Amino acid sequence: MFRLTQNRVLIEPIFTAKYSSNLIHIPVSVADTKPAVHGTVVGLGPTASLCRSGDTVIFHAGQGHSLVIDNHVVLVINEDELLAIEPASRKFNQSRLTTYQKCQRKYFLNFEEALVPATDPDYFVRGRLAHEVFEAYFSTPAGEDKATHWRIALPNPEPPAAGIDLLADVRAESTVVEGMFEVYRETFPEEEFEIIHPEVSGEVTIGDNKLVFRADGIVAWNKQLWLLEHKTAKVINPQTWLRLHKSIQISAYIYGVQKLLGLTLRGAILTVLKSKPPFTAERQLTFRTPLQLNQFESWFIRLADEIRAKRGAEEFIPHPAECHTFGPCPYIPICHATPNEAGFARSLFVTREPDYTET
């Protein structure tokens, strides 16, 4: 039932909890009839410490509160000393981990505390709207006109007769996306590939956690399968393509699709739409080797495990160099607030709705 690897006892968990004792010793003999739990193994022996303050203890379905190896109880857990409970397997998407890699504090505020600026609209953003347009385009039902069916994804809120136009931003973004997509269709009037799946989403287990992803689709081209992905950018230049060819997101999508569906993808067909007039659309191939996907897997495990090991807000370290990368970070008011200003700074934020990784 148990196997030891890298100083851990691995069996299928149902939740984890933090343990508060400063030191727990493995007793020489313990009378306990409950088969069951494990913690981070520091060492095994009559007096070896099994868990230390703040270590993670992992509980298992239908089992009690002691670790049993070879029918011998080696650890008894006192439930009163459990500090917090969380799901044993947490979900991460690529965006969460890259945010953490750039600035741990930004990750904590956005994804752990789910804070967003109160002034941010909670409706359409350009990227999401473009995604929905492409999904409608490639999912045109039989008998419908593909040249016009995609327009069902465009919102068309009526302007107010008088007063403040709360949906002006939605209307403006809809116009921008419409212009981008018209140019896309002019540039690529006939697709050379066959749509296999117009959208693929799901989750796969990697190590002790799960990768959640949502890709634009899978296509067949040149007798191979490819990820289909569309991006928007203010400019399209060699640096734009270099970032995409190195993109961890593309690796995450290809890894996830292959593991979820059991397919082999050669790489991705990337299309970039310029989001400012004059609109343009360009396309390139990018490739992923098995080695690159293995490197992504290692990257995911390392960062996800590192996040899981954090025990409080103070352990998510800010990275000042990222405060003004691609514009000012929205969390600057919180990070730079004095103790007296902290309450006001937090009042500028609200709790966001759960995203697709949390529902």
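Residues numbered from 1 in each chain as written. Predicted model: local features only at pLDDT ≥ 70, side-chain atom pairs only at ≥ 80, totals over all residues. Heavy atoms only, no water.

## Thoughts on the pattern of salt bridges
Here the structure, examined in full by the defined rule, presents nine salt bridges. Here Arg-90 ties to Glu-112 by a salt bridge, and the two come within 2.7 Å at their closest N and O atoms. Here Arg-90, found in the loop between strand 10 (82–87) and strand 11 (91–92), pairs with Glu-112, found in helix 2 (residues 104–112); they are 22 residues apart in sequence, far enough to count as distant. Looking at Arg-90, the relative accessible area reads 17%, which means it is buried. Among the ionic pairs, Asp-355 bridges to Arg-96, the shortest N-O distance being 3.4 Å. Taken as a pair, Asp-355 in the segment after strand 20 (349–351) and Arg-96 in helix 1 (residues 94–102) lie far apart in primary sequence, 259 residues in all. Residue Asp-355 is classed as partly exposed on the basis of its relative accessible area, which comes to 21%. Judged by relative accessible area, which is 3%, Arg-96 ranks as buried. Three or more residues joined by partner-sharing salt bridges are found here, namely Lys-91, Glu-203 and Lys-210. (Salt bridge = Lys/Arg side-chain N within 4 Å of Asp/Glu carboxyl O. Helix = DSSP H or I, 4+ residues; strand = E, 2+ residues; numbered from the N terminus. Buried < 20%, exposed > 50% of the residue type's maximum accessible area, 1.4 Å probe, protein only.)

## So, the environment of Lys-234
Position of Lys-234 among the secondary structure elements: in the loop between strand 17 (224–233) and helix 6 (238–245). Distance from Lys-234 to Lys-276, taken between C-alpha atoms, is 5.9 Å for residues 42 residues apart in sequence. Ignoring any residue separated from it by four or fewer positions in sequence, one finds Lys-234 in contact with Lys-274, Ser-275 and Lys-276. (Contact = heavy atoms within 4.5 Å.)

## Notes on the environment of Glu-297
With respect to the helices and strands, the residue Glu-297 is situated in helix 8 (residues 290–309). Owing to a relative accessible area of 27%, Glu-297 belongs among the partly exposed residues under this scheme. Residues Glu-297 and Tyr-255, 42 residues apart in the sequence, show an inter-C-alpha distance of 8.1 Å. With sequence-adjacent residues up to four places away left out, Glu-297 is seen in contact with Ile-206 and Tyr-255. For Glu-297, the side chain forms a polar contact with the side chain of Tyr-255, separated by 2.5 Å. (Polar contact = N/O pair within 3.5 Å; in protein donor to acceptor, adjacent residues only side chain to side chain.)

## Section: the packing of aromatic side chains
Within the structure shown, the criterion is met by 22 aromatic pairs. Here the aromatic rings of Tyr-137 and Tyr-184 are separated by 6.3 Å at their centres, their planes lie at 90 degrees, and the arrangement is edge-to-face. Of this pair, Tyr-137 sits in helix 3 (residues 126–138) while Tyr-184 sits in helix 5 (residues 168–187), and the two are 47 residues apart along the sequence. Centroid distance Trp-150 to Phe-181: 4.5 Å. Interplanar angle 50 degrees. Geometry classified as tilted. (Phe/Tyr/Trp six-rings, centres within 6.5 Å; stacked < 30°, edge-to-face > 60°.)

## Thoughts on the confidence of the model for the protein
Scored by pLDDT, the protein has a mean of 78; 71% of the residues are at 70 or more. The spread of mean pLDDT over the elements of the protein runs between strand 1 (residues 4–5), the lowest at 30, and strand 19 (residues 281–287), the highest at 97. Below pLDDT 50 for its whole length, residues 1–53 participates in 158 contacts with residues either more than four positions away or in separate chains. Here residues 58–85 scores under 50 on pLDDT; set against residues more than four positions off or in separate chains, the count is 89 contacts. (pLDDT = per-residue confidence, 0-100.)

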